[in-house]
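# Inside the fold
The primary structure of each chain is shown beneath.
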Amino acid sequence: MHWLDDYRQKQVTAEEALRCVQSGMRVYIQPGCAEPEALESALVKRAPFVRDVEIVHLLTMGHADYVTPEMAGHFRHNAMFIGGNVRKAVNEGRADYTPIYLSEIEGLFESGAMPLDVALIQVSPPDPHGFCSFGVGIDTTLTAAKVAKYVVAQVNDQMPRTYGDSFIHVSDINAIVDVSQPLCELPYEPITELQRQIARNVAKLIVDGDTLQLGIGGIPDAVLLELTDRKDLGIHTEMLSDSAIPLIESGVINGARKSLHPRKIILGFVLGTRRLFDFISENPSFEFHPVSYTNSPFIIAQNDRMVSVNSTLQMDITGQTCSDSIGQYLYSGFGGQVDFIRGARHSKGGKPIIAMPSTAKNDTISRIVPTLTPGSGVVASRGSIHYVVTEYGIAYLHGKCIRERAEALIQIAHPNFRNELYDYCAHTKWLQKPLADLSELAQG
Ligand code: COA
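Residues numbered from 1 in each chain as written. Predicted model: local features only at pLDDT ≥ 70, side-chain atom pairs only at ≥ 80, totals over all residues. Heavy atoms only, no water.

A word on the sheet that holds strand β18 (residues 321-322). Read from one edge of the open sheet, three strands run β18-β17-β24, paired in mixed fashion. The sheet terminates laterally at β18 and β24 (368-369), the two strands that pair on one side only. Pairing between strand β17 (residues 314-316) and β24: two bridges, direction parallel. Pairing of M315 across the sheet is with I368, part of β24. (Pairing = 2+ DSSP bridges. Helix = DSSP H or I, 4+ residues; strand = E, 2+ residues; numbered from the N terminus.)

Laid out in structure tokens, this is it:
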């Protein structure tokens, strides 16, 4: 059958398409800016007809109505990364959180450890050959669509066409719901002076020809602002935001010296605004891949001079890093933090960086602490941390003993908390020298 006839036969309403969801099934929803909102609304309307349906996804930005208390017994969400829309439900016990490296999620789907019954995806209209593009994100979705027993696609003419391993053929879709609606956007937040101070310190570690991975948030965005005088930067990352556009347009990011995929920006998904969606549309500079590829430490390490920049919520004085919870309060997820720390660590000339403000809550809480708050989850162990950057400087921890780590981290902690940290280390006998003697040890 010609794909166009196939397409027409599969066209249904969202409500009709979602009848495929039955009690006890596991449903995958495409995350990020590709979240298929019309399909999600229809899924929620299925609630009276189903019980014990598990809904799996990474960070989404929509209403996530399936986690409201009334949905108990019908739906239960399992978050592979906790977004603001599901955080309350997770912490009230109405939804679950699975801590996992981003690079390893697709393995769960493929191996059958977490089989998928239904995948809800959003794609561009088909090209003349019947291929729809995943557009703003491949992430774990290409694999989810390959392994799910039933694939429902929201086909949106506002989804950009992007290149790479970013296509699904009409014949691999079971039901098609046509829509024309704006994609979810992650609004651009103004960058603060504090973020710029941290970014200036991070930028000291980035030189011409480096390949960058930048995580989510204000600090990575601010880092890009500090790189306008660099040359031949490359990108190999799980995600990219609007902030990269000026450096790409000015030629600072051109991938000319990349050792893997030269000239190409390799990524798994974008999080940003319509400006970014238009920028990546049919843009051959961008090559999208599943995150099992972009985040494989073995692939990352093939990029020489790989610099990864990620953030954290709390770090103890030995370098143990808690990035997914605030104490026992489950906050976000592993994402690609550890994947990129490991990859950058094994890259020739690579630099894994954790960048964070020295405090939280208007300087009332130090993020560098004697011991992690009970209940905190270690995302990156102290054995894997290399560079730590705050607004007060750079600490280099790799290969350093506990005494040296404590000395270096106290120097980049907020001054209001340095005595407390020092007192703890004196109590544990890790430090004996007066604090004033330690200033030369902050730089890596
Ligand atoms: N104690 C108490 N509260 C804390 C805290 C601490 N130690 N550290 C941060 N907080 C609070 C902040 O005050 C803020 O609260 P608010 O929203 O009420 O102002 C909130 O927690 C979030 O902190 P913030 O520093 O603004 O977070 P962020 O948006 O910069 O994200 C991470 C930081 C760590 C949550 C995020 O980078 C992440 O999820 N990382 C793990 C995954 C990862 O790195 N993936 C790779 C790239 S995507």
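This next bit is on the pairing of strand β3 (residues 75-79). The element β3 is extensively covered by neighbouring structure, given that four of its five residues are classed as buried. Both strand β2 (residues 53-57) and β3 contribute to a ladder of five bridges, which runs parallel. What sits directly across from V56, in β3, is N78. Inspection of the sheet shows β3 paired to strand β4 (residues 95-97) by three bridges, in the parallel sense. The residue bridging H77 from the neighbouring strand is A95, located in β4. (Buried < 20%, exposed > 50% of the residue type's maximum accessible area, 1.4 Å probe, protein only.)

Our next topic: the site of the ligand. The local shell around the ligand holds 22 residues, among which L313, S332, Q337, K361 and R367 are the closest. L313 is positioned with one of its backbone polar atoms (N or O) 3.0 Å from a nitrogen atom of the ligand. Within the side chain of K361, one N or O atom sits 2.8 Å away from an oxygen atom of the ligand. Contact with the protein chains removes 74% of the 970 Å² of surface that the ligand exposes when unbound. (Near = heavy atom within 4 Å. Polar contact = N/O pair within 3.5 Å; in protein donor to acceptor, adjacent residues only side chain to side chain. Areas by Shrake-Rupley, 256 points an atom, 1.4 Å probe, with all protein chains shown as cover.)

Before going further, it helps to spend a moment on the side chain of D6. Mapped onto the elements, D6 comes out in helix α1 (residues 3-10). The class of D6 is buried, set by a relative accessible area of 13%. Look past the residues within four positions of D6 in its chain and what remains in contact with it is M1, V170 and S171. (Contact = heavy atoms within 4.5 Å.)

This paragraph deals with the nonpolar core. Of all hydrophobic cores here, the largest spans 78 residues; its most connected members are V136, V202, L227, V270, F286 and I353. Mapped onto the domain boundaries, this core takes at least three residues apiece from domain 1 (2-179) and domain 2 (193-442). Apart from residues no more than four positions distant in its own chain, I353 is found in contact with V202, L205, V307, S308, V309, N310, Y387 and V389. Of all hydrophobic cores here, the second largest spans 57 residues; its members include L18, I29, V67 and A175. (Core = buried A, V, L, I, M, F, W, Y, C linked by side-chain atoms within 4.5 Å. Domains from an automatic or database assignment.)

A word on the domain arrangement of the protein. Accessible area lost during the coming together of the parts is what is often quoted as the interface size. Entries for the protein in the domain assignment read domain 1 (2-179) and domain 2 (193-442). Look at where the C-alpha atoms of domain 1 and domain 2 centre, and you get two points 30 Å apart. Taken together, the contact pairs 31 residues of domain 1 with 36 residues of domain 2. For the pair domain 1 and domain 2, the two sides together bury roughly 2,800 Å², of which 63% comes from carbon and sulfur. It is Y101, L102 and Y163 in domain 1 that bury the most area against domain 2; as a group they hold 22% of the surface buried on that side. In this structure, the connection of domain 1 to domain 2 is made through zero salt bridges. There are 16 residue pairs in polar contact (both at pLDDT 80 or more) connecting domain 1 and domain 2. Element by element, the count of residues in the side of domain 1 that touches domain 2 is highest for helix α4 (residues 87-91), at three residues. Its residues assigned to classes, the side of domain 1 that touches domain 2 comprises 16 nonpolar, ten polar and five charged. (Buried area = accessible area lost by both parts, 1.4 Å probe. Salt bridge = Lys/Arg side-chain N within 4 Å of Asp/Glu carboxyl O. Nonpolar A, V, L, I, M, F, W, Y, C, P; charged D, E, K, R; others polar.)

With that settled, consider the sheet that holds strand β26 (residues 393-396). Taken in spatial order, the six strands of this open sheet run β11-β10-β16-β21-β25-β26, and their pairing is mixed. Of all strands in the sheet, those with a lone pairing partner are β11 (234-235) and β26, marking the two edges. The pairing of strand β16 (residues 306-310) with strand β21 (residues 351-355) spans four bridges and is parallel. Across the sheet, the residue bridging to N310 is I354, located in β21. Packing of helix α14 (residues 402-412) onto the sheet brings it into contact with β25 (387-390) and β26, and relative to β26 it is tilted by some 170°. (Axes fitted to C-alpha atoms, helices over the stretch in contact; angles between N-to-C directions.)

Together, I326, Y329 and Y331 make up an exposed nonpolar region whose accessible area comes to about 270 Å². Residue placement: Y331 occurs in the loop between β20 (329-330) and α13 (337-346). (Patch = residues over 30% accessible without salt bridge, like charges linked within 9 Å, V, L, I, M, F, W, Y side chains within 5 Å.)

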